[in-house]
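This is what each chain is made of:
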Amino acid sequence: MMRIPLTKYGWPQMIVFPLAILLLMGVLPLLALTFFESWIVIVVEAVLFAVLVCILMFFRDPQRVCPTDRNLLLAPADGKVTDIERLEAHDFIGEPALRIGIFMSIFNVHINRAPCNVRVETITHKEGRYRNAMNPQSGQVNESNTLNLIRTDRPKDKLVVRQISGAIARRIVCGTTEGDELSAGRKFGMVKFGSRAELYAPARVELECLVHVGDKVKAGVTPLMRYAIRSPSAQPTTNPGDT
């Protein structure tokens, strides 16, 4: 039997929702004896089963083989690149920055991962609205969680990853704390039921953007940016965060 690995970040919805659906599926046949035609129950049961599968698939946590090239900045989320913007200044980064926005639909894996080897400097949660996360402006007004990071490899640049809620998503999960060191591709949280993630990095000539608007990316796998300098690299291995 195929096993679907599920994320620990899915609690409590990962348990409560499937149990509620299974309970309803168990009760429906009893109600059919009195109130409904049998074909109606069959259709409803099929729909509920499909919803159950979708919920379990949403909280799936597939194993990832992450590149170990220290020149790369990896995608922090699965989804589609919706916007790439140069900012003239960024308070934490302290210089012009490039922002890459990724929209996560309800069909994407929603685990967030570190873009490279980093230390978590600060984590800031901001309450906000729940606008459509496909809109780049949602990052300015929606509920969000901002992780200010510093690379532990050279160059020791400052980076930012933002977890942003969407119209459906109402729960940001951050499984790391200030002072933690994360390896490239390490899992650190998720945003439930459709959302957005953003990566901010210094906008320099030697830091090349590798993606375009419309590209599909995978967290911890797809390189978003690459330093044009040499640093030690190795063959891809399974990230410790997947074990």
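Everything below is about the structure printed above this text.
Since this is a predicted model, take the numbers as computed values, not measurements.

### Re the packing of aromatic side chains
Now for step 1: By the definition in use, this model includes one aromatic pair.
Now for step 2: Measuring from ring centre to ring centre gives 4.9 Å for F58 and F59, while their planes differ by 90°; the resulting arrangement is edge-to-face. There is no split in this pair, since F58 and F59 are both buried.
Now for step 3: Residue placement shows K158 over the ring face of F92; its charged tip is 5.1 Å from the ring centre.

### Considering helix α2 (residues 38-58)
Now for step 1: Look at α2: 30 Å from first C-alpha to last across 21 residues, which is about the 30 Å you get at 1.5 Å a residue.
Now for step 2: Residues V41, E45, L48, L52, I55 and F58 constitute the buried set of α2. Seen end-on, α2 carries its buried residues on one side only, within an arc spanning 145°. Exposed positions of α2 whose direction lies more than 90 degrees from the buried face are W39 and I42.

### Re a nonpolar patch on the surface
Now for step 1: A contiguous nonpolar patch, built from W11, I15, V16, F17, L19 and L22 and spanning about 590 Å² of accessible area, is present on the exposed surface.
Now for step 2: Locating L22 in the fold gives a position in helix α1 (residues 13-32).
Now for step 3: Classification of L22 as partly exposed rests on a relative accessible area of 46%.

### Examining the nonpolar core
Now for step 1: Formed by 27 residues in total, the largest nonpolar core has its most connected members in L73, V118, L149, L159, V217, L224 and M225.
Now for step 2: Taken together, the elements giving at least two residues each to this core come down to β4 (97-104), β6 (118-126), β7 (144-151), β8 (158-165), β12 (195-202) and β15 (223-227).
Now for step 3: Ranked by residues supplied to this core, first place goes to β4 with four residues.
Now for step 4: The contact partners of L159, leaving out residues within four places of it in the chain, are L73, F92, P115, C116, V118, L147, N148, L149, R151, Y200, A201 and P202.
Now for step 5: By size, the runner-up hydrophobic cluster in this structure holds 15 residues, among which are I21, L48, L52 and V109.

Rules of the game
Residues numbered from 1 in each chain as written. Predicted model: local features only at pLDDT ≥ 70, side-chain atom pairs only at ≥ 80, totals over all residues. Heavy atoms only, no water. Phe/Tyr/Trp six-rings, centres within 6.5 Å; stacked < 30°, edge-to-face > 60°. Buried < 20%, exposed > 50% of the residue type's maximum accessible area, 1.4 Å probe, protein only. Lys NZ or Arg CZ within 6 Å of the ring centre and 35° of its normal. Helix = DSSP H or I, 4+ residues; strand = E, 2+ residues; numbered from the N terminus. Expected span 1.5 Å × (residues − 1). Arc of directions from axis to C-beta. Patch = residues over 30% accessible without salt bridge, like charges linked within 9 Å, V, L, I, M, F, W, Y side chains within 5 Å. Areas by Shrake-Rupley, 256 points an atom, 1.4 Å probe, with all protein chains shown as cover. Salt bridge = Lys/Arg side-chain N within 4 Å of Asp/Glu carboxyl O. Core = buried A, V, L, I, M, F, W, Y, C linked by side-chain atoms within 4.5 Å. Contact = heavy atoms within 4.5 Å.

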